[in-house]
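The lines below spell out each chain.
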Amino acid sequence: MILNLLLGVGIALFGFVLQTSLAGVNRKIIGRLQKRHGPKWYQEFIDIFKLLSKRSVTHGWIFDFGVIMALGGIIGTAMFMPLTTSFLAFETFDNFFIFVYLIAVGMLGMAMSASGSGNPWASIGVMRALTTMLAYEVPFLVVILTIIKLADSSSLTQIALYQQMAGNNWFIIALPLGGIVAVLALMGMLGKKPFETYIAPAEIASGPMVEYGGKQLGMLFIMHEITVFIEVSLFVHLFLGGASNIFIFLIKYAVVYTFVNLISNVNGRFKIDQVVLFFYKWPLLMAVVQAIIAIYFGWVI
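Model, not experiment: these values are computed from the prediction.

A. Here's a closer look at the packing of helix α8 (residues 176-190) against helix α11 (residues 246-264). Relative orientation of the contacting elements α8 and α11 amounts to 80 degrees, with a least axis distance of 11 Å. What the angle tells us is that α8 and α11 run roughly perpendicular. Note on element contacts: α11 touches α8 through Val256, Phe259, Val260, Ile263 and Ser264, opposite Val183, Leu186, Met187 and Leu190. Classifying every residue of the contact of α8 with α11 gives 8 nonpolar, 1 polar and no charged.

The following block contains the structure:
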């Protein structure tokens, strides 16, 4: 059990280093596309460690405890994430629904802490984040339930193996409408434009993050990077056939994150009502149609 715990912590640390490095590289890529140099790829590490060395302001124990709960919940979730089909800390505990429950702990901690600050921008940001989550999760869950029905398992490893045994017939290709819905939902999860409504720096001063500074802001940056690692890894395992070795995982991970980031940088931002209407219109319709076609008619490409 101790070895499993150490391996789980190692996976969470690996996820933080991987995602922070890739985020730095992506800032460089976006900078070059906009005809500027952009920051160094390791600038985010410098920012985080500098913040961790500074003092922070407190707004009461709920505000402080929420940050610890948020970071702890997300690290706990990352510990269960398989990197390949044979490399994971806790075998038989890579069930999709375990990730849904565990990641909610971190999100609730963040919402509790931000609301405890008493800042109205933070409360508006939290409300928008929960509304956005409710919008993209419905069509996304319809697609995931379709995959679970086809693979006859909710284990990430088993779903990845199912795709590999079918001749690398990834679900993003086998279920094309579901794949489009999943990409849109991933952009919503990552807070990428046009679904960046709950951060909106020029509108609500970064929303939930408005009252944080010093080491608490540094902890939330770490939480953010590990959360992105979990969400992109879920996409790789569920829709891109997972990975048989770590190099394939790294390639798929980098391609997905960079692709979503590039799309984000050519979009504007929706209003919160537009986000809800968007996800409950075409993505939900496509998810339901895909489920009917795949489950009742058995038409899978």
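B. Representation of the packing of helix α5 (residues 120-151) against α8. Where α5 contacts α8, the axes come no closer than 9 Å and their chain directions differ by 140 degrees. Taken together, the axes of α5 and α8 are oblique relative to one another. The crossing of α5 and α8 is left-handed. On the side of α5, the interface is formed by Tyr136, Pro139, Phe140 and Val143, while α8 contributes Gly178, Val181, Ala182, Ala185, Gly188 and Met189.

C. Here's a closer look at α11. With 19 residues, α11 extends 27 Å from end C-alpha to end C-alpha; this agrees with the ideal 27 Å at 1.5 Å per step. By the burial criterion, the buried members of α11 are Phe249, Lys252, Tyr253, Val256, Tyr257, Thr258, Val260, Asn261 and Ser264. The inward-facing, buried residues of α11 contact α1 (2-33), α8 and α10 (214-239). Measuring from the side-chain oxygen of the N-cap residue of α11 to the backbone nitrogen of Phe247 gives 3.0 Å; that N-cap residue is Asn245.

D. Spotlight on a nonpolar patch on the surface. On the surface, a nonpolar cluster with roughly 590 Å² of combined accessible area is contributed by Val25, Ile29, Leu33, Trp41, Tyr42, Ile46 and Leu262. Among the elements that take part in the nonpolar patch, α1 stands out by supplying 3 residues, more than any other. Along the chain, Leu33 falls in helix α1. Looking at Leu33, the relative accessible area reads 59%, which means it is exposed.

E. Geometry of empty space enclosed by the protein. Taken as a whole and judged by the stated rule, the model has 1 cavity of 30 Å³ or more. Volume-wise, the largest cavity comes out at about 50 Å³. Along its surface, the largest cavity is lined by Phe140, Ala182, Leu186, Met189, Glu231, Leu234 and Phe235. For the lining of the largest cavity, the elements supplying multiple residues, two or more each, are α8 and α10. Per-class residue counts for the lining of the largest cavity are 6 nonpolar, no polar and 1 charged.

F. Molecular detail of α8. Between its terminal C-alpha atoms α8 stretches 21 Å, which fits the 21 Å expected from 15 residues at 1.5 Å a residue. Burial analysis of α8 places 12 of its 15 residues in the buried class, which makes it a mostly covered element. Those residues of α8 not exposed but buried are Gly178, Gly179, Val181, Ala182, Val183, Leu184, Ala185, Leu186, Met187, Gly188, Met189 and Leu190. In the core, the buried residues of α8 are packed alongside α5, α7 (171-174), α10, α11, α12 (272-279) and α13 (282-296). Where α8 terminates, the next one or two residues include Gly191, which has phi positive at roughly 70 degrees.

G. Broad picture of the side chain of Thr258. The residue Thr258 is located in helix α11 in this model. Residue class for Thr258 comes out buried when judged on its relative accessible area of 17%. Excluding residues within four positions of it along the chain, Thr258 makes contact with Asn26 and Ile29.

H. Representation of the pattern of salt bridges within the structure. Throughout the structure, instances matching the rule amount to 2 salt bridges. For Glu44, the salt bridge is made with Arg27, and the minimal N-O distance between the two is 3.5 Å. Of the two residues, Glu44 is situated in helix α2 (residues 43-52) and Arg27 in helix α1; the sequence distance between them amounts to 17 residues. For Glu44, a relative accessible area of 14% translates into the label buried. In this structure Arg27 comes out as partly exposed when scored by relative accessible area, which is 35%. A salt bridge links Arg269 to Glu196; the shortest N-O distance between them is 3.3 Å. Of this pair, Arg269 sits in the loop between α11 and α12 while Glu196 sits in the loop between α8 and α9 (201-204); the two residues are 73 residues apart in sequence, bridging distant segments of the chain. The exposure class of Arg269 is partly exposed, given its relative accessible area of 32%. Glu196 gets classed as buried once you look at its relative accessible area, which sits at 13%.

The rules behind these values
Residues numbered from 1 in each chain as written. Predicted model: local features only at pLDDT ≥ 70, side-chain atom pairs only at ≥ 80, totals over all residues. Heavy atoms only, no water. Axes fitted to C-alpha atoms, helices over the stretch in contact; angles between N-to-C directions. Helix = DSSP H or I, 4+ residues; strand = E, 2+ residues; numbered from the N terminus. Parallel < 35°, antiparallel > 145°, perpendicular 65-115°, else oblique. Contact = heavy atoms within 4.5 Å. Nonpolar A, V, L, I, M, F, W, Y, C, P; charged D, E, K, R; others polar. Left-handed = near helix turned anticlockwise from the far one by under 90°. Expected span 1.5 Å × (residues − 1). Buried < 20%, exposed > 50% of the residue type's maximum accessible area, 1.4 Å probe, protein only. Polar contact = N/O pair within 3.5 Å; in protein donor to acceptor, adjacent residues only side chain to side chain. Patch = residues over 30% accessible without salt bridge, like charges linked within 9 Å, V, L, I, M, F, W, Y side chains within 5 Å. Areas by Shrake-Rupley, 256 points an atom, 1.4 Å probe, with all protein chains shown as cover. Salt bridge = Lys/Arg side-chain N within 4 Å of Asp/Glu carboxyl O. 1 Å grid on protein atoms, 1.4 Å probe; cavity = no way out; pocket = protein on both sides within 12 Å on 5 of 7 lines; lining within 4 Å. Points joined across faces, edges and corners; volume = space filled by probe spheres on them.

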